[in-house]
Amino acid sequence: MARDIEALTWKVLEEAAELQKVLATANQIGWDATHPRAEAPNYELAMHEIEDLVRELCHLWAAIGKIKEDRALAPDLNAAEGLELGRNEGPASPPLPAEE
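It should be emphasised that the depicted structure is a prediction, and the values quoted were computed from it without experimental measurement.

Colleague: Sorry, what's going on with the overall build of the protein chain here?
Modeller: If you tally the helices and strands in the protein chain, you get two helices and zero strands. The 100 residues of the protein chain split such that 21% are buried. Residue pairs at least 24 apart in sequence account for 57% of intrachain contacts in the protein chain once pairs closer than 6 positions are excluded. Total accessible area on the protein chain stands at roughly 8,000 Å², and carbon and sulfur atoms take up 58% of it.

Next comes the structure, spelled out in C-alpha coordinates:
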(Lines give C-alpha, C1' and ligand atoms only; values in the text may rest on other atoms or scores of the structure.)
Protein backbone atom coordinates (compact mmCIF):
# COMPACT_ATOMS: atom_id res chain seq x y z
CA MET A 1 0.00 0.00 0.00
CA ALA A 2 2.79 2.45 0.88
CA ARG A 3 4.39 1.90 -2.53
CA ASP A 4 1.08 2.77 -4.21
CA ILE A 5 0.89 6.00 -2.23
CA GLU A 6 4.47 6.83 -3.15
CA ALA A 7 3.81 6.25 -6.86
CA LEU A 8 0.62 8.31 -6.74
CA THR A 9 2.41 11.09 -4.85
CA TRP A 10 5.17 11.24 -7.46
CA LYS A 11 2.57 11.37 -10.22
CA VAL A 12 0.82 14.31 -8.52
CA LEU A 13 4.16 16.10 -8.14
CA GLU A 14 4.98 15.48 -11.80
CA GLU A 15 1.64 16.84 -12.98
CA ALA A 16 1.93 19.86 -10.67
CA ALA A 17 5.37 20.64 -12.13
CA GLU A 18 3.99 20.43 -15.67
CA LEU A 19 1.16 22.80 -14.74
CA GLN A 20 3.61 25.18 -13.09
CA LYS A 21 5.69 25.29 -16.26
CA VAL A 22 2.64 26.08 -18.44
CA LEU A 23 1.42 28.76 -16.02
CA ALA A 24 4.83 30.41 -15.91
CA THR A 25 5.01 30.44 -19.70
CA ALA A 26 1.49 31.84 -19.97
CA ASN A 27 2.33 34.63 -17.56
CA GLN A 28 5.54 35.38 -19.41
CA ILE A 29 4.40 35.33 -23.05
CA GLY A 30 0.61 35.56 -22.72
CA TRP A 31 -2.37 33.24 -22.39
CA ASP A 32 -3.28 33.42 -26.07
CA ALA A 33 0.31 32.97 -27.22
CA THR A 34 1.59 29.66 -28.53
CA HIS A 35 5.09 28.61 -27.53
CA PRO A 36 7.20 27.69 -30.59
CA ARG A 37 7.43 24.05 -29.41
CA ALA A 38 3.73 23.80 -28.50
CA GLU A 39 0.82 23.08 -30.79
CA ALA A 40 -1.84 24.96 -28.82
CA PRO A 41 -2.22 28.31 -27.06
CA ASN A 42 -1.20 28.51 -23.43
CA TYR A 43 -4.78 28.62 -22.12
CA GLU A 44 -5.47 25.24 -23.78
CA LEU A 45 -2.25 23.76 -22.43
CA ALA A 46 -3.13 25.03 -18.95
CA MET A 47 -6.60 23.49 -19.11
CA HIS A 48 -5.10 20.16 -20.18
CA GLU A 49 -2.52 20.20 -17.35
CA ILE A 50 -5.18 21.18 -14.78
CA GLU A 51 -7.30 18.22 -15.91
CA ASP A 52 -4.30 15.90 -15.58
CA LEU A 53 -3.47 17.22 -12.11
CA VAL A 54 -7.06 16.98 -10.87
CA ARG A 55 -7.30 13.38 -12.13
CA GLU A 56 -4.11 12.37 -10.32
CA LEU A 57 -5.15 14.24 -7.17
CA CYS A 58 -8.39 12.26 -7.17
CA HIS A 59 -6.46 8.99 -7.36
CA LEU A 60 -4.22 10.05 -4.47
CA TRP A 61 -7.18 11.32 -2.44
CA ALA A 62 -8.98 8.00 -2.88
CA ALA A 63 -5.89 6.02 -1.85
CA ILE A 64 -5.37 8.14 1.26
CA GLY A 65 -9.07 7.79 2.08
CA LYS A 66 -8.72 4.01 1.81
CA ILE A 67 -5.83 4.06 4.27
CA LYS A 68 -7.84 6.24 6.64
CA GLU A 69 -10.78 3.86 6.35
CA ASP A 70 -8.57 0.80 6.91
CA ARG A 71 -7.02 2.37 9.99
CA ALA A 72 -10.43 3.28 11.39
CA LEU A 73 -11.58 -0.31 11.00
CA ALA A 74 -8.41 -1.79 12.51
CA PRO A 75 -6.57 0.89 14.49
CA ASP A 76 -4.16 -1.62 16.01
CA LEU A 77 -2.55 -2.44 12.65
CA ASN A 78 0.99 -1.16 12.35
CA ALA A 79 3.50 -0.38 9.62
CA ALA A 80 4.69 -3.99 9.49
CA GLU A 81 1.30 -4.87 8.01
CA GLY A 82 1.72 -2.35 5.22
CA LEU A 83 -0.54 0.50 6.26
CA GLU A 84 2.11 3.07 7.02
CA LEU A 85 2.14 6.03 4.69
CA GLY A 86 5.37 6.24 2.72
CA ARG A 87 8.35 7.60 4.60
CA ASN A 88 11.97 7.84 3.68
CA GLU A 89 13.55 4.52 4.40
CA GLY A 90 16.83 4.13 6.22
CA PRO A 91 18.17 5.13 9.59
CA ALA A 92 16.72 8.09 11.39
CA SER A 93 18.66 11.33 11.32
CA PRO A 94 20.85 11.91 14.35
CA PRO A 95 19.49 14.39 16.86
CA LEU A 96 20.52 18.00 16.46
CA PRO A 97 23.15 19.23 18.92
CA ALA A 98 21.82 21.14 21.89
CA GLU A 99 22.10 24.90 21.65
CA GLU A 100 24.35 26.51 24.21
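Let's pick the thread back up.
Colleague: Got a minute to help me understand helix α2 (residues 42–73) in this structure?
Modeller: Each α-helix turn comprises 3.6 residues. Residues three or four places apart therefore point the same way. The end-to-end C-alpha distance of α2, which contains 32 residues, comes to 46 Å, matching closely the 46 Å that a straight helix rising 1.5 Å per residue would cover. Turning to α2, its buried residues are N42, A46, E49, D52, L53, E56, L60, A63, I67 and D70.

Colleague: I'm lost on the nonpolar core in this one. Help?
Modeller: Side chains of a nonpolar character, in soluble globular proteins, are inclined to be buried together. Listed in full, the eight residues of the largest apolar core are I5, L8, V12, L19, L53, L60, A63 and I67. Contributions of two or more residues to this core are made by α1 (2–29) and α2. If sequence neighbours within four positions are ignored, L8 has contacts with H59, L60 and A63.

Colleague: What exactly am I supposed to notice about a nonpolar patch on the surface here?
Modeller: Together, L23, W31, Y43 and M47 make up an exposed nonpolar region whose accessible area comes to about 380 Å². A residue is classified by how much of its surface remains accessible, and Y43, at 36% relative accessible area, is partly exposed.

Colleague: Would you explain the pattern of salt bridges in this entry?
Modeller: Two side chains with opposite charge may pair up if their charged atoms get near one another. Here the structure, examined in full by the defined rule, presents five salt bridges. Among the salt bridges present, the one from E14 reaches K11, with a minimum N-O distance of 3.8 Å. Of this pair, E14 and K11 both sit in helix α1, separated by three residues, roughly a single helical turn. Judged by its relative accessible area of 28%, K11 is partly exposed.

Colleague: What am I meant to see in the environment of I67 here?
Modeller: Turning to its location among the elements, I67 is positioned in helix α2. Judged by its relative accessible area of 4%, I67 falls in the buried class. For I67 and I5, which are 62 residues apart along the polypeptide, the C-alpha to C-alpha distance reads 9.5 Å.

Colleague: I tried to follow the side chain of E56 on my own but got confused; where do I start?
Modeller: Within the secondary structure, E56 is located in helix α2. Beyond its immediate stretch of four places on either side in the chain, E56 contacts K11, V12 and E15.

Colleague: Hey, could you run me through the side chain of T25 in this one?
Modeller: Relative to the helices and strands, T25 is located in helix α1. T25 sits in the buried class, given a relative accessible area of 19%. Here K21 takes part through its backbone oxygen, which lies 3.0 Å from a polar atom of the side chain of T25.

The rules we used
- Residues numbered from 1 in each chain as written.
- Predicted model: local features only at pLDDT ≥ 70, side-chain atom pairs only at ≥ 80, totals over all residues.
- Heavy atoms only, no water.
- Helix = DSSP H or I, 4+ residues; strand = E, 2+ residues; numbered from the N terminus.
- Buried < 20%, exposed > 50% of the residue type's maximum accessible area, 1.4 Å probe, protein only.
- Contact = heavy atoms within 4.5 Å.
- Areas by Shrake-Rupley, 256 points an atom, 1.4 Å probe, with all protein chains shown as cover.
- Expected span 1.5 Å × (residues − 1).
- Core = buried A, V, L, I, M, F, W, Y, C linked by side-chain atoms within 4.5 Å.
- Patch = residues over 30% accessible without salt bridge, like charges linked within 9 Å, V, L, I, M, F, W, Y side chains within 5 Å.
- Salt bridge = Lys/Arg side-chain N within 4 Å of Asp/Glu carboxyl O.
- Polar contact = N/O pair within 3.5 Å; in protein donor to acceptor, adjacent residues only side chain to side chain.

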